[in-house]
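Summary of the model geometry
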Amino acid sequence: GAVVSQHPSRVICKSGTSVKIECRSLDFQATTMFWYRQFPKQSLMLMATSNEGSKATYEQGVEKDKFLINHASLTLSTLTVTSAHPEDSSFYICSARDDWGANQPQHFGDGTRLSIL
Amino acid sequence: EDKVVQSPLSLVVHEGDTVTLNCSYEVTNFRSLLWYKQEKKAPTFLFMLTSSGIEKKSGRLSSILDKKELSSILNITATQTGDSAIYLCAVDDVINTGTASKLTFGTGTRLQVTL
């Protein structure tokens, strides 16, 4: 089945640090990947859609200069939380959709738990 | 604004019981409805439904979509403790009549199966 790998699984760092999270589709190509954020006991909120070779599409209210997305290849997207602060602490999850075939489901990585001290 | 509502919010059942989880939606350009199971980490895919009235089944889990009622149910029969998780419903909505789409998630149903 479709496997999405996300790394790292957990990050604890000081305020002001920039943190990079990687999302890889291991056995399929993904022109489009998605980045979500999940607060405790809440559902997943889409932050942005990552498009290979072009700019990401950000959801309303998400600062593109704060959450930098790069999708340089068909199997890798990265999210960089720049100058992170305690309010950025959250569970970040990526997903990818197989390019092959129409109407494929999104498959999710295992998530990254980010804690900013 | 797209909306996905799940009920109940939480449920506690005994092992062996059958449960039915509900999902209703309001979206602009419906493409499909998906069910995911989330335990400690990220969601794992269960079903994708595109056509009304066709049941999808995987072991003790099954799901069906009703496009007229804008809803779906997820059934779990003979529940086991390993079924304890949050079950998320999401609707894939086409953006601007193109090929791009995005998921809108419900808040989930937290299921706890006890011995």
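Residues numbered from 1 in each chain as written. Chains lettered and ligands numbered in written order. Predicted model: local features only at pLDDT ≥ 70, side-chain atom pairs only at ≥ 80, totals over all residues. Heavy atoms only, no water.

1. Considerations on the overall build of chain B
A tally of helices and strands in chain B yields zero helices and 11 strands. The helix and strand sequence of chain B, counted from the amino end, reads β-β-β-β-β-β-β-β-β-β-β. Scaling as 2.2 N^0.38, a compact globule of 115 residues should have a C-alpha radius of gyration of about 13 Å, and chain B matches this with 14 Å. Reported as C-alpha extents along the three principal axes, the dimensions of chain B are approximately 50 × 30 × 20 Å. (Helix = DSSP H or I, 4+ residues; strand = E, 2+ residues; numbered from the N terminus. Rg over C-alpha atoms; globule rule 2.2 N^0.38 Å.)

2. Points about the pattern of salt bridges
All names here are of chain A. Under the definition given, this model contains six salt bridges over all chains. Between Asp88 and Lys66 there is a salt bridge, with its nearest N and O atoms 2.8 Å apart. Highlighted residues: Asp88 in the loop between strand S8 (76-81) and strand S9 (90-97) and Lys66 in the loop between strand S6 (57-58) and strand S7 (67-73), separated in sequence by 22 residues. In terms of burial, Asp88 and Lys66 fall into one category: buried. (Salt bridge = Lys/Arg side-chain N within 4 Å of Asp/Glu carboxyl O. Buried < 20%, exposed > 50% of the residue type's maximum accessible area, 1.4 Å probe, protein only.)

3. Examining the side chain of Lys37(B)
You can see Lys37(B) is positioned in strand S4 (residues 30-38). Once residues within four sequence positions are removed from consideration, Lys37(B) is found in contact with Ala42(B), Pro43(B), Thr44(B), Leu46(B), Gly82(B), Asp83(B), Ala85(B), Ile86(B) and Tyr87(B). (Contact = heavy atoms within 4.5 Å.)

4. Let's talk about the environment of Asp99(A)
Residue and element names in this part refer to chain A. Tracing the chain through its elements places Asp99 in the loop between S9 and strand S10 (106-108). It is 6.4 Å that separates the C-alpha atoms of Asp99 and Thr31, two residues lying 68 residues apart in sequence. Residues contacting Asp99, with those up to four places away along its chain left out, are Gln29, Ala30, Thr31, Thr32 and Leu74.

5. Here's the deal with the sheet that holds strand S1 (residues 4-7) of chain A
All names here are of chain A. Spatial strand order, S1-S3-S8-S7: four strands in an open sheet with antiparallel pairing. Both outer strands of the open sheet, S1 and S7, are each paired with one neighbouring strand and no more. Averaged over all pairs of adjacent strands, the angle between strand axes in this sheet comes to 15°, irrespective of strand direction. Judged from the four bridges that link them, S1 and strand S3 (residues 19-25) form a sheet pairing that is antiparallel. Residue pairing for S3: Gln6 is matched across the bridge by Cys23. (Pairing = 2+ DSSP bridges. Axes fitted to C-alpha atoms, helices over the stretch in contact; angles between N-to-C directions.)

6. Let's talk about the packing of aromatic side chains
Tallying each qualifying case throughout the model produces eight aromatic pairs over all chains. Judged by centre distance (6.0 Å) and plane angle (70°), the rings of Phe108(A) and Phe105(B) are edge-to-face. Of the two residues, Phe108(A) is situated in strand S10 and Phe105(B) in strand S10 (residues 101-105); the pairing between them involves two chains. Each member of the pair, Phe108(A) together with Phe105(B), is buried. Their ring planes at 70° and their centres at 5.9 Å tell us that Tyr36(B) and Phe45(B) sit as a pair that is edge-to-face. Given a relative accessible area of 0%, Tyr36(B) falls into the buried group. Judged by its relative accessible area of 30%, Phe45(B) falls in the partly exposed class. One aromatic cluster in this structure is built from Tyr36(A), Phe108(A), Tyr36(B), Phe45(B) and Phe105(B). (Phe/Tyr/Trp six-rings, centres within 6.5 Å; stacked < 30°, edge-to-face > 60°.)

7. As for the layout of surface pockets
Within this model, the largest pocket holds a volume of roughly 770 Å³. Around the largest pocket, the lining is made up of 27 residues, and of these Met45(A), Leu46(A), Glu59(A), Gln60(A) and Glu1(B) lie nearest the centre. Elements represented by at least two residues in the lining of the largest pocket include exactly strand S4 (32-38) and strand S5 (44-51) of chain A together with S10 of chain B. In this structure, the second largest pocket spans a volume of roughly 480 Å³. Split into classes, the residues belonging to the lining of the second largest pocket amount to five nonpolar, 11 polar and eight charged. (1 Å grid on protein atoms, 1.4 Å probe; cavity = no way out; pocket = protein on both sides within 12 Å on 5 of 7 lines; lining within 4 Å. Points joined across faces, edges and corners; volume = space filled by probe spheres on them. Nonpolar A, V, L, I, M, F, W, Y, C, P; charged D, E, K, R; others polar.)

8. Brief notes about the state of the cysteines
Applying the stated criterion to the full structure yields two disulfides over all chains. For Cys23(A), the disulfide goes to Cys94(A), at an S-S distance of 2.0 Å. Across the S-S bond of Cys23(A) and Cys94(A) the torsion is about 80°, and the bridge reads as right-handed. Of this pair, Cys23(A) sits in strand S3 while Cys94(A) sits in strand S9, placing them 71 residues apart in sequence. Judged on exposure class, the residue Cys23(A) and its partner Cys94(A) are both buried. Covalently, Cys23(B) is tied to Cys89(B) through a disulfide, its sulfur atoms 1.9 Å apart. (Disulfide = S-S within 2.5 Å.)

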